[in-house]
Amino acid sequence: MNILLSGTGGQGVVLAGELLSRALFKAGYEVVNTHSYGAEARGGACRSEVLVSDEEIYDLSLTEADVLIAMSTPAYRRYISRVRNGGTVILDSAVAEELERLGVDLRSDVETITVPARRVAEELGYPIVANMVLIGALVKRSRLIDLEVVKKLVEEEMRPSMREINIRALEAGYSSLPLKD
Amino acid sequence: MLPPGKHLVLGNIACAEGAIRAGCRFFAGYPITPANEITQHMAEELPRVGGYFLQMEDEIASMAAVIGASWAGAKAMTATSGPGFSLMQENIGYAYMTETPCVVVDVQRSGPSTGQATMPSQQDFYQARYGAHGDYEAVVLSPWSVQEMFDLTVRAFNLAERFRTPVILLADGMIGHMMEKLVIPEKVETVERRRPAGASCTPFGTEDPSLVPEMPRFGEGYRLLVTGSSHDPTGRRDYSPRVMEAKLRRMREKILRAEGEVRDIVEAGMGDARIAVLSYGASARPSYGAVMKARKEGIRAGLMRLRTLWPFPEEYLSKVAGEVEAFLVVEMNLGKAVREVERAVHGRVEVTPLTRVGGVVPTVEEVYQAIRRVDECL
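Residues numbered from 1 in each chain as written. Chains lettered and ligands numbered in written order. Predicted model: local features only at pLDDT ≥ 70, side-chain atom pairs only at ≥ 80, totals over all residues.

**Q** Where do I start with the overall build of chain B in this structure?
**A** When helices and strands are counted, chain B shows 13 helices and 15 strands. Against the 2.2 N^0.38 benchmark of 21 Å for 378 residues, chain B shows a C-alpha radius of gyration of 21 Å, consistent with a compact globule. When its C-alpha atoms are laid out on the principal axes, chain B stretches across 65 × 45 × 40 Å. Among the 378 residues that make up chain B, the fraction classed as buried is 54%. Partitioning the intrachain contacts of chain B with sequence separation of at least 6 by distance along the chain shows that 76% fall at a separation of at least 24. (Helix = DSSP H or I, 4+ residues; strand = E, 2+ residues; numbered from the N terminus. Rg over C-alpha atoms; globule rule 2.2 N^0.38 Å. Buried ≥ 20, exposed ≤ 12 C-beta atoms within 10 Å, placed from the backbone. Contact = placed C-beta atoms within 7 Å.)

The following block contains the structure:
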């Protein structure tokens, strides 16, 4: 499965991709994670590619994404064409609303899921954990790994003051979606 | 340092980890994308193992510091990318001339010049071989995975110590900037340079069949002259044609004599192959995937992946040319290794290049389609 996380520099796209990769790796998958960001570091286009497989990975470039996470409108516009037919797009509700306002038609051949990541993160008091809300939703939808694996990683690797808030963001994202058969 | 076992890390981190385990205790460098994480990790880790990290004013000085550290007895390394690699060439030449063991990592990015700073290429294939002026044999290694960033860095140090020569680890921005599995072993095998034991020594001449002279270090008590100018076996300046010719021929011969051992080719499916796909580094990954796909479709293709790029395995490829019907050379430049393959096979079989530039790694599908096209022409 190819997962493309995208957004604007500063939203935590690279961190989210890395955390997701570590969790998948811990669960026993083969993982290749690459990222790219603009020279401006904050404010530019930013993406993280997570390639996951049961077998060794030889295609290093993500040509078609099974899942796209878009945290900003420019990111959505830039990467939506890379989603394969029948793939899944996970959008921050704020992005979906903005696209509607702009009159952008969503692709009909992909499943688009909206998650109120920015709003939930703001309610938690930390807008920067919107990325974790989206990862929570992705974990629920992809069913590749257990949310507990991701939570454990947050506990092990993040600085103590940020652990609880990130875990709450993950859980909020996870429970925002119904379980799909 | 990471503990032995399984990790998910960047290729650049794997390189730094390998270096420290190979015994590297000195690093001098100047930051550049996409090699920064090597420099950063060495800055963090070297002081913890009693080593030294120096950030220099530029790449010219970095290479000079590495050479000095090596003569002070340390295993030394620097890491850079294209533009910095260009700046290092003068002193890399000095390292060849003075037979200084050291490791230079070039995490290739797309050029020329500033090019695409964050994007990978394999365009320094010839710069790694011929970047410095004068005559010398280069030893250049090429990793295709995060694991090999570790393994080949260790090997680079071992070859540098054994042959008393700079060794280039020619990585690329794809492998350097990619996170994947790294298994760190409990112990790695290391090689130490030959040191003099007697009362005197000739640091630039030897009767040893390896042709690699013993290397004293400064401060040990030996009379030691190190110069980039032509010198006799004792190190004294001597511009006579006889002395310089003997020096250059010995330096060349010490590497070429061991080509069979330095040679490192990983083959897959070559046993019954009609089409030999030759690649290295990041582009070898999709090449492997494509060869496996082609074989499933009944196309007799095989992969030859070069882990040692230089000395180029001419003799070996010449032999393979007698066994296959075509070569397909896959690389991320406008055609460099393909020239060497053409030279080696000498017109006996068709050689087709598949070249990609612009900062992208070819896909499995692209390489597969190229294999199919070659197959249709057989």
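**Q** Teacher, can you tell me more about the overall build of chain A here?
**A** When helices and strands are tallied, chain A shows seven helices and six strands. Relative to the compact-globule value of 16 Å for 181 residues, chain A shows a C-alpha radius of gyration of 15 Å, a close match. On the principal axes, the C-alpha backbone points of chain A span a range of 45 × 40 × 40 Å. Looking at chain A as a whole, 45% of its 181 residues are labelled buried. Across chain A, every contact between residues at least 6 apart in sequence was considered, and the portion connecting residues at least 24 apart equals 62%.

**Q** I keep staring at the domain arrangement of chain B and nothing clicks. Help me out?
**A** Residues and elements named next belong to chain B. Assigned domains within chain B: domain 1 (5-184) and domain 2 (266-376). The centre of domain 1, based on its C-alpha atoms, is set 26 Å off from the matching centre of domain 2. Listed as interface residues are 24 residues of domain 1 and, on the opposing side, 22 residues of domain 2. For the side of domain 1 that touches domain 2, the secondary structure elements donating two or more residues are strand S6 (116-120), helix H5 (127-130), strand S7 (139-141), strand S8 (166-172) and helix H7 (173-176). When the residues that make up the side of domain 1 that touches domain 2 are grouped by side-chain class, the tally is 15 nonpolar, six polar and three charged. (Domains from an automatic or database assignment. Nonpolar A, V, L, I, M, F, W, Y, C, P; charged D, E, K, R; others polar.)

**Q** Can you help me understand the sheet that holds strand S10 (residues 265-268) of chain B in this one?
**A** The strands that make up a sheet are held in pairs by hydrogen bonds between backbone atoms, and each pair lies either parallel or antiparallel. Residues and elements named next belong to chain B. As summarised here, the arrangement of the five strands in space is S10-S12-S11-S14-S15, forming an open sheet in which the pairing is mixed. A strand with exactly one partner marks an edge of an open sheet, and here the two such strands are S10 and strand S15 (350-355). Each strand axis lies, on average, 20 degrees off the axis of its neighbour in the sheet, ignoring direction. Sheet topology note: the strand S11 (residues 275-279)/strand S12 (residues 301-306) ladder contains five bridges and is parallel. Residue Ser 279 lies in a different strand from S12, and its bridge partner there is Arg 305. Lying over the sheet, helix H10 (residues 284-296) contacts S10, S11, S12 and strand S14 (326-331), oriented at roughly 165 degrees with respect to S12. (Pairing = 2+ DSSP bridges. Axes fitted to C-alpha atoms, helices over the stretch in contact; angles between N-to-C directions.)

**Q** Explain the packing of helix H1 (residues 11-22) of chain B against helix H6 (residues 146-163) of chain B to me, please; I cannot follow it from the model alone.
**A** In helix packing, the relevant descriptors are the interaxial angle and the interaxial distance, both defined with respect to the helix axes. Residue and element names in this part refer to chain B. In the contact formed by H1 and H6, the axes pass within 7 Å of each other and the chain directions differ by 30 degrees. Of the two possible hands of crossing, H1 and H6 adopt the one that is right-handed. Two secondary-structure elements touch here, H1 through Gly 11, Ala 14, Cys 15, Glu 17, Gly 18, Ala 19, Arg 21 and Ala 22 and H6 through Val 146, Met 149, Phe 150, Asp 151, Thr 153, Val 154, Phe 157 and Asn 158. A class-by-class count of the residues in the contact of H1 with H6 yields nine nonpolar, four polar and three charged. (Left-handed = near helix turned anticlockwise from the far one by under 90°.)

**Q** I keep staring at helix H2 (residues 36-45) of chain B and nothing clicks. Help me out?
**A** Given 3.6 residues to a turn, an α-helix orients residues that are three or four positions apart in the same direction. Within the span of H2(B), buried status applies to B:Glu37, B:Ile38, B:Thr39, B:His41, B:Met42 and B:Glu45. For H2(B), the secondary structure elements touched by its buried residues are strand S1 (5-10), H1, strand S2 (24-29), strand S3 (52-55), strand S4 (75-80) and strand S5 (102-110) of chain B.

**Q** Sorry if this is basic, but what is going on with the interface of chain B and chain A here?
**A** Reports often express the size of an interface as the amount of accessible area lost when the parts come together. At the junction of the two partners, chain B supplies 17 residues and chain A supplies 14 residues. When residues of the side of chain B that touches chain A are traced back to their parent elements, those giving at least two are strand S9 (179-184) and H10 of chain B. Of the residues forming the side of chain B that touches chain A, the biggest block, four residues, is contributed by H10(B). Considered class by class, the residues forming the side of chain B that touches chain A number ten nonpolar, four polar and three charged.

**Q** Looking at this model, I keep getting lost on the confidence of the model for chain B. Mind explaining?
**A** Detail in the predicted coordinates should be disregarded across regions flagged by low pLDDT. In this model, chain B carries a mean pLDDT of 97, and residues with pLDDT of at least 70 account for 100%. For this predicted complex, the interface score ipTM comes out at 0.91, while the overall pTM is 0.96. (pLDDT = per-residue confidence, 0-100.)

**Q** Got a minute to help me understand the nonpolar core in this structure?
**A** Across soluble globular proteins, nonpolar side chains have a tendency to be buried as a group. In terms of nonpolar packing, the biggest core is built from 174 residues, with A:Val133, A:Leu134, B:Val103, B:Val105, B:Leu328 and B:Ile371 touching the most fellow members. Ranked by the residues each element gives to this core, the list is headed by H6(B), at ten residues. Structurally, this core is a two-domain feature, drawing no fewer than three residues from each of domain 1 (5-184) and domain 2 (266-376) of chain B. For B:Ile371, the residues in contact, after removing those within four places along its chain, are B:Ile275, B:Val277, B:Ala290, B:Ala294, B:Ile299, B:Ala301 and B:Leu328. (Core = buried A, V, L, I, M, F, W, Y, C linked by C-beta atoms within 7 Å.)

**Q** So what exactly am I meant to see when it comes to the environment of B:Arg356 here?
**A** Residue and element names in this part refer to chain B. Along the chain, the position of Arg 356 falls in the loop between S15 and helix H13 (364-376). Judged by the 20 C-beta atoms lying within 10 Å of it, Arg 356 falls in the buried class. Between the C-alpha atoms of Arg 356 and Gly 335, which are 21 residues apart in sequence, the distance is 8.8 Å. When near neighbours in sequence (up to four residues on either side) are disregarded, Arg 356 contacts Met 332 and Pro 362.

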